[in-house]
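# Notes for the structure review
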Amino acid sequence: MARPVPLPRTQPAAPSPSSSTSATSATTTAGCGCPDGRGGAGSFSRRSLLKALGVGAMTLVATEQVHTQVAFAAPGYTGDVLVVLSLRGGMDGLSAVVPGGDPDYYRLRPTIAVPQSSLLGLDGTFGLHPAMAPLMPLWKAGRLGAVHGVGLPGASRSHFAAMEDMEKAAPGTSLRTGWLDRTLGTRSVNGGAAGTFQAVSMTGSQTPQMLAGPAPELTLKRLEGFALAGPGDSAVEKARWTKAYAALHAEGPPTVAETGRAALAAAATISSTLGSTPAGSGYPDTDLGKSLRDLARMVKAGVGVQAAAVDHGDWDMHSGLGAAGGGWMKDKLTELATALAAFDADLGALMSGVTVLTISEFGRRADENGSGGLDHGHGNLMLALGGGVAGGKVHGKYPGLGASALDNGAVASVTDYRDVIGEVLQKRCGAGSLSEVFPGFSSAGALGLVRSR
């Protein structure tokens, strides 16, 4: 299996606030001037390597030669499929799972707070934004949970630096690999082979930093687009092109030959196996909806997905956040909730073996600014969705919004995000010690967010 070579990060593209974002189109808002989203390529993906070779979009033609190279899953892995959904731009967690029982929330946000009367499932302290209605059945069923006041120690309020630090998860070290790559690496010990689809990044041409490192991953934007460009629809030509590329990658340096063969194998699997797996319905017609729909197809097809990275940007709301009845935040939460609810419904019983975690580089300040928005803050919200989640409530300590509780005007971070991820890795994904995944980290203990398998 190919071992992608980490590349230096590139500077993110200048964003645009209103556009729906994909992994490759970082966004920013007028007046912010800060990059929203991932900073750039973290590693060579198979597809990007093929592009570098001039192959273009790879794809497939099912030949015996290609099929023999397909390896679905790393043998022996029986844990959950972990889906990391990055809400890039600094999502305001207080707008999603609202502390409607905290009078300081309304004091600090006189024009953008969600009225208590609009909150869903208010339990005395927290209720969901009305735009989260598609997720309410899952919240009530205990399959969706939350943790407030999550962050990383000493976090930057720069999008780029904070996300990079969070995805590396190795403060105080010189490591350039990502925590998810290191997680996969712990499963490859004792000769364990990696499957072609073990790690999937639905982020287009750029692989997130969390997957940077030696463990192979498959990076793509859409299943439909993962095809061999050039031969058109002719089966004869497809066969010829596939044979030619297979011969081209029959030998040579492993980083080139093995990567090329793996890409051909992945394309073959996508064309044959996934072609017979229908796409689910109910997803929003957005990048997020399409990414989760395609990811669900891979899980349903049983191709061996262990971990997946999905991006959902455009959360950097310095101005015009809107009110509960309409506006930017309502639109984003509606899209997020609709997509996650559709993903859950699409997978059905398979969600018993899937855990979705949301993560964002930082939260926002507690008080609204003069433009009806929120500036960069610190502690934030993480959501967990899945059959193993002990949901229906907010876990951990709520830091509060009183003056003495704030961190320079922002929600304080009282729970290390590595505690949240670590609990999922250990209880749901079969991880043992976290020392290799989070070097130097000492856990404060499990939050009870998920149940052990």
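Please read these numbers as outputs of a predicted model, since none were measured by experiment.

## Quick notes on the pattern of salt bridges
Side chains that differ in charge, positive against negative, can pair when their charged atoms come close. Per the stated rule, a full pass over the model turns up 22 salt bridges. In this structure, Asp311 and Arg88 form a salt bridge, with 2.9 Å as the shortest nitrogen-oxygen distance. A residue pair is termed long-range when its members are at least 10 positions apart, and Asp311 in strand β7 (residues 307–312) and Arg88 in the loop between β1 (81–87) and α3 (93–96) qualify at 223 residues. We note that Asp311, like Arg88, is buried. A salt bridge links Asp285 to Lys290, with the shortest nitrogen-to-oxygen separation between them at 3.4 Å.

## Quick notes on unusual backbone geometry
The backbone of Asp314 sits at a positive phi, close to 75°, despite the residue not being glycine. Relative to the helices and strands, Asp314 resides in the loop between β7 and α11 (328–347).

## Digging into the packing of helix α10 (residues 287–301) against α11
Taken N-terminus to C-terminus, the directions of α10 and α11 make an angle of 15°; their axes are 10 Å apart at the nearest point. Judged on the interaxial angle alone, α11 and α10 are roughly parallel. Viewed along their axes, α10 and α11 form a crossing whose handedness is right-handed. Of the residues in α11, those in contact with Leu288, Gly289, Leu292, Arg293, Leu295, Ala296, Val299 and Lys300 of α10 are Glu335, Leu336, Ala339, Leu340, Phe343, Asp346 and Leu347. A class-by-class count of the residues in the contact of α10 with α11 yields ten nonpolar, one polar and four charged.

## Focus: α11
Its 20 residues place the ends of α11 29 Å apart at the C-alpha level, agreeing with the 28 Å of an ideal helix rising 1.5 Å per residue. Counting buried positions along α11 yields 15 of 20 residues, so the element is predominantly enclosed.

## What to know about helix α9 (residues 254–272)
Helix length check: α9 (19 residues) gives 26 Å between terminal C-alpha atoms against 27 Å at 1.5 Å per residue, within 8%. Within α9, burial applies to Ala257, Thr259, Gly260, Ala262, Ala263, Leu264, Ala265, Ala266, Ala267, Ala268, Thr269 and Ile270.

## Let's talk about the confidence of the model for the protein
Summarising the model, the protein shows a mean pLDDT of 83, and 82% of its residues fall at 70 or more. pLDDT under 50 marks residues 1–31. Its contacts with residues more than four places away, or in other chains, come to 106 contacts.

Quick notes on the rules
Residues numbered from 1 in each chain as written. Predicted model: local features only at pLDDT ≥ 70, side-chain atom pairs only at ≥ 80, totals over all residues. Heavy atoms only, no water. Salt bridge = Lys/Arg side-chain N within 4 Å of Asp/Glu carboxyl O. Helix = DSSP H or I, 4+ residues; strand = E, 2+ residues; numbered from the N terminus. Buried < 20%, exposed > 50% of the residue type's maximum accessible area, 1.4 Å probe, protein only. Axes fitted to C-alpha atoms, helices over the stretch in contact; angles between N-to-C directions. Parallel < 35°, antiparallel > 145°, perpendicular 65-115°, else oblique. Left-handed = near helix turned anticlockwise from the far one by under 90°. Contact = heavy atoms within 4.5 Å. Nonpolar A, V, L, I, M, F, W, Y, C, P; charged D, E, K, R; others polar. Expected span 1.5 Å × (residues − 1). pLDDT = per-residue confidence, 0-100.

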